[in-house]
Amino acid sequence: MTAIFKREFLSFFRNPVGYVVIALFSFISGVYFVNMLMNISVDISLEIISLRSFFIIIVPIVTMGLFSEDRKKGTEVLYYTNPITMFDVVAGKFLAAMSLIFVMFINVFIHMIVTKAFGGVVGAGDFGAAIVFFFLAALFVAIGCFASALTDSQIISALLCFLFILVIQMLSTFASFLNSSVSSVLILMNVDSEKANAFGSGLADVISWLDPFVKTQRFRFGVFGVAPLFFCLSMAVFFLYLTFRMLEKKRWSQR
Amino acid sequence: MKSIKENNNNTKNKRAMDLKLLSISSVIILLVIVIAANILFDKLLGGPLTFDFSATHKNSISKKTEEFIDTIPDGTSIRIVGLFDLPASLEHDPLEYIAPLLEAYDNYAGDKIKVEYINPSKYPSIIKELDPSGSYDLKSGYYVVKNGEKIAIVDPYDCFSYDSSYDYAVPTAVLAEYTFSNTINNLLSEKVKHAYFVSGLQEDPGYEMKSILTALGCESKSINVSGDFTIPDDCDILFLNGINADIPESVMLKLDEYIAKGGKVIVSVNYYSNTSEKYENLNKSLAKVNLYIEDCLIEENDPSYVLSADYYESYVDITDEFKGFTDKDQLHSGFPRSIRVCDAPLDYVSTYPVLTTSDKAKAVNVEGGFLQYMNEGKYNIGMYATYDDGNANPEVFVFGTNNLTADSYISGYGYSDQNVLFIRGCVRRMLSIAPEESLDIPSYPVDSHAIDKDRATSTSITVTALIFIAIIPLALIICATVVYNRRKHL
Amino acid sequence: MIEINNLVKHYGTKKAVNDISFTVNDGEVLGFLGPNGAGKTTTMNIITGYLSSTSGTVKVNGHDILEEPELAKKDIGYLPEQPPLYNDMTVIEFLNFMCDLKKVRKADRKPMLSEIMDMVKISSVSDRLIGNLSKGYKQRVGIAQALIGDPKILILDEPTVGLDPGQVIEIRKLVKSLSKNHSIVISSHILSEIQAVCDRVVILNHGKVAAIDTIPDLSRRLSGTSKFLLTVRGDGDDIVSKIKMLTSIQDVSIRRSEGEYYEIEILVSNSAKTDPREAIFFALAKAGYPMLEFRSLDPTLEEIFLSITG
């Protein structure tokens, strides 16, 4: 695992990709931070939450090549024919991507220090937002890994990852849309309006139960819950397992 | 023959099939486990494994509230219903200070307190469910706290104190926990409220008023002025509802005593049914709270206020202090007397106009069918009085019209009429729990993210901006080009 | 030692490998011979654990590749047809990464790497980017990669394909020197290459083992129809009849003629106890036809298949 981790992590810095992604992140976070400074009110947790909306761009860039490149260049043979397990491979690559995201996030830690230096407040809510950031990143990177294992084209894998994250970011919107549209359809079908609304919102509840953003929103207010983190982590594990299975499939697939 | 061949083929493919099966089934099993574990985690451990690390503990209930919840008897079930959809994101929403806190109530209290959010525009039946008698003006946007039959309303905006030295109200402190804990405490208090209607004064029967009081959790009884008149100790509110005769001297003394102890009194009279009564004894009592019922009829001369042709059915304005009781700014009055501050007022009493006429009203005195016009101006149709010092806290509403309390009006206009809503507001205000019974829960300041203005000079900000927006990203880009070029030629 | 029993691999309805069994002994160089699509690469992929077989077992030094993959893979160094190289790494970075993968102890690394790099002659390019290396160097880095961790068994899939002749000879030399300490399985579709380095040959055709034999045995079997090519000046028909008269000659034909020069192909029966070449020489000398060229024809791969499968 360390072997894979080391290679993948360093490879971000052997190519311009790693630097460019970090530069992008630094710039965006810097703009948010400076903007708050100018308003004489710095809420780091808000900055972190705004930065989360860039997962949809950053995560695909980071994960797109993880598995698809190996498949395309034929280097995946190394993983299958050396005395390591596929678990090591998946875990190593996942951790490498996570570490890159951590490196990016150092920017925000610096912002926290600067905020302190300016006499601002860095409280539990800010650390809560940071924790959530990493757990959400873990979930999305796991999804990115899976997308990358599905195909041997970096572009397609990046697109798939983008779509996955888009769907997750839209879950709440989708849920409320579904809620109103389903209930109005049911009302048109002469179902009692309260029952129709109950059905619609029940459906919406099920969908928004899956929304990691909603689950973790209390962290920003300083309420730390284990359950939301467990949700992100277990979903990440699930997607990593799917990735693992996709790689294993290559062995026994008869196509 | 064919089947043997197929069978053979199948056994040869067994390993691949097995692996496929293992692969798919393990994925499905893992998914099921993940979802089941999350549901379990959510339901069982979601509460206990949630910790409030915020500096102000704004998301958790204080020790005081916990102790209070512990005293709530088992089997009590209090519903806190937010009459709106809880927004998915609480950012920049005052609910940020309320919703997580209420969740903490729910988590701590177990079955005793249940918090839910139901939007009445989607589920209109919730209003009926919470308030079957329609006694409250339930609207979306409010929280409703319900215990058994009793309910109380909390407006989220009441959960803050405001600095009004600006043009707009700036929330400064959060009172959410104070508000909710006390609301629950009030609802729970075993003490049944008692309203007493003074009878024997040719008064309005007050059937409608009594049913309104029942809905507010208040039992109504009558006490007759004849004989041995005493105001019981458990009297929370005393009604002199549409009386047409003055009170006897014995009653006057008891009334003085009652007011001095901090009694709550609602008096309503008008000019229509008894034009000659001067209420001398009653006015002597009311003088203890600086009020005086005039012996005159108010004639409204502003056409925009007048309701019917005879000038005596008109709109009256609700004064600013009492506007919160209804949506509207005006009520109906009919054949009103004017209420004024008495001569030689006491200095420890504060009086407030409640209902006022336009500037063009005139007071008319009927003596033997003779109309005598008095000075034109603004007259008070209702007034409120209380003591300035906090000890005894009498509250007296005196209305010069019966349109707020009389059966004839209420049965004609219904419980949703503005006048009814208004009188409900008055009763609710008077029936609120006395201060010594409330839970003492401190407020805390609204989160501030302000930075030190002295340190955030334009120079320091410019330097920071330069570093974070220009230098760091540029340095990284330069790194990228250097690394790329160096490695390319290796 | 590798034991392969009843290996089958399906691709859809096609059987890429169909019931192959053979054993690779310790210290031997085994050639894998067959035309493209015969199942050489698939078999090697199964042996190395890259693919799983549809049925059948592979045991590497007693460890089943499916049941104890880590132990089995430890003993194998694999060079696939397409060397698995990261173009964005330098040679030394890549080999260090391979050391990590194969869990080579830190202390052993430096001497091992310098030894391997010397052996495959890539020390001079150790700091260059793999993507910038020539095909021959890349192949060598591929071999170096397979050698890391000192595996007892090397599996080389077409190691010389696409290389220029000089590089081919280098690689062959390298394989020869490696064979002293390793069991090697090497695949090729070029007979001469296999002949040059292998002790034993497995010939695959359409996913099946067509023959397993040592090189001498194989050539003996092939020499049942050994062929000579002769260039003679003179009268073609007379030459043919003269040679035909000799014993143990099966067939004689004129392949090409150009004026007085004839290229004659001679098919010799295997039953002959003596070498017919002397008799041919003397017969033509006696007839006064000068012999300009006389050589035995290597059997082509096609001919081997024809002879073995046909």
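This text goes with the structure placed above it.
A quick note: this is a predicted structure, and the numbers were derived from the prediction, not measured. (Residues numbered from 1 in each chain as written. Chains lettered and ligands numbered in written order. Predicted model: local features only at pLDDT ≥ 70, side-chain atom pairs only at ≥ 80, totals over all residues. Heavy atoms only, no water.)

### Quick look at the interface of chain B and chain C
Stated formally: Between two residues, a contact is recorded if the distance between any of their heavy atoms is within 4.5 Å. Defined in terms of a 1.4 Å probe, buried area is the accessible area two parts forfeit on being brought together, summed over both. Here, a salt bridge means any side-chain nitrogen of Lys or Arg that lies within 4 Å of a carboxyl oxygen of Asp or Glu. Counted as a polar contact is a pair of N or O atoms within 3.5 Å, where, for protein atoms, one must be capable of donating a hydrogen and the other of accepting one, and residues adjacent in sequence contribute only when both atoms are in side chains. Labels follow the DSSP assignment, with helices taken as runs of H or I lasting at least four residues and strands as runs of E lasting at least two, numbered in each case from the N terminus. Asp, Glu, Lys and Arg are counted as charged, while Ala, Val, Leu, Ile, Met, Phe, Trp, Tyr, Cys and Pro are counted as nonpolar; the rest, among them Gly, fall into the polar class.
In this complex, chain B contributes 9 residues to the contact, which on the side of chain C involves 16 residues. Buried area between chain B and chain C, both sides added, is near 940 Å², and the carbon and sulfur share of it is 41%. Our count for the chain B to chain C interface comes out at 1 salt bridge. The shortest N-O distance in the salt bridge between C:E93 and B:R487 comes to 2.9 Å. The tally of links between chain B and chain C comes to 3 residue pairs in polar contact (both at pLDDT 80 or more). Those elements giving two or more residues to the side of chain B that touches chain C turn out to be α1 (2-12), α2 (14-45) and α12 (458-488) of chain B. Broken down by class, the residue content of the side of chain B that touches chain C amounts to 2 nonpolar, 3 polar and 4 charged.

### Structural notes on helix α4 (residues 106-119) of chain C
All names here are of chain C. Here is the rule: By this rule the span expected of a helix is its residue count minus one, scaled by 1.5 Å. Remark: exposure states derive from per-residue accessible area (1.4 Å probe, protein chains only) relative to the maximum for the residue type, with buried under 20%, exposed over 50%, and partly exposed in between.
Between its first and last C-alpha atoms α4 spans 20 Å; for 14 residues at 1.5 Å apiece the expected length is 20 Å, and the two agree. Within the sequence span of α4, burial applies to R109, M112, L113, I116 and M117. In this structure, the buried residues of α4 make contact with α3 (91-101) and α5 (135-147).

### Thoughts on empty space enclosed by the protein
We count it as follows: Within this scheme a cavity is a closed region of a 1 Å grid, computed over the protein atoms alone, that accommodates a 1.4 Å probe without allowing it to escape, whereas a pocket is open but has protein on both sides within 12 Å along at least five of seven lines; lining residues each have an atom within 4 Å of a point. Grid points are joined across faces, edges and corners, and a volume is the space filled by probe spheres set on the points.
With the rule as written, the count across this model stands at 2 cavities of 30 Å³ or more. By volume, the largest cavity is sized at about 80 Å³. Around the largest cavity, the lining residues are A:F67, A:D70, A:R71, A:E76, A:Y79, A:Y80, A:M86, A:V89, A:A149 and A:L247. Tallied by class, residues from the lining of the largest cavity come to 7 nonpolar, no polar and 3 charged. Approximately 30 Å³ is the volume found for the second largest cavity. Forming the boundary of the second largest cavity are C:P159, C:T160, C:I171, C:R172, C:V175, C:I186, C:E193 and C:V197. Secondary structure elements with two or more residues in the lining of the second largest cavity: α6 (165-178) and α7 (191-197) of chain C. Among the elements that take part in the lining of the second largest cavity, α6(C) stands out by supplying 3 residues, more than any other. Residue composition of the lining of the second largest cavity, grouped by class: 5 nonpolar, 1 polar and 2 charged.

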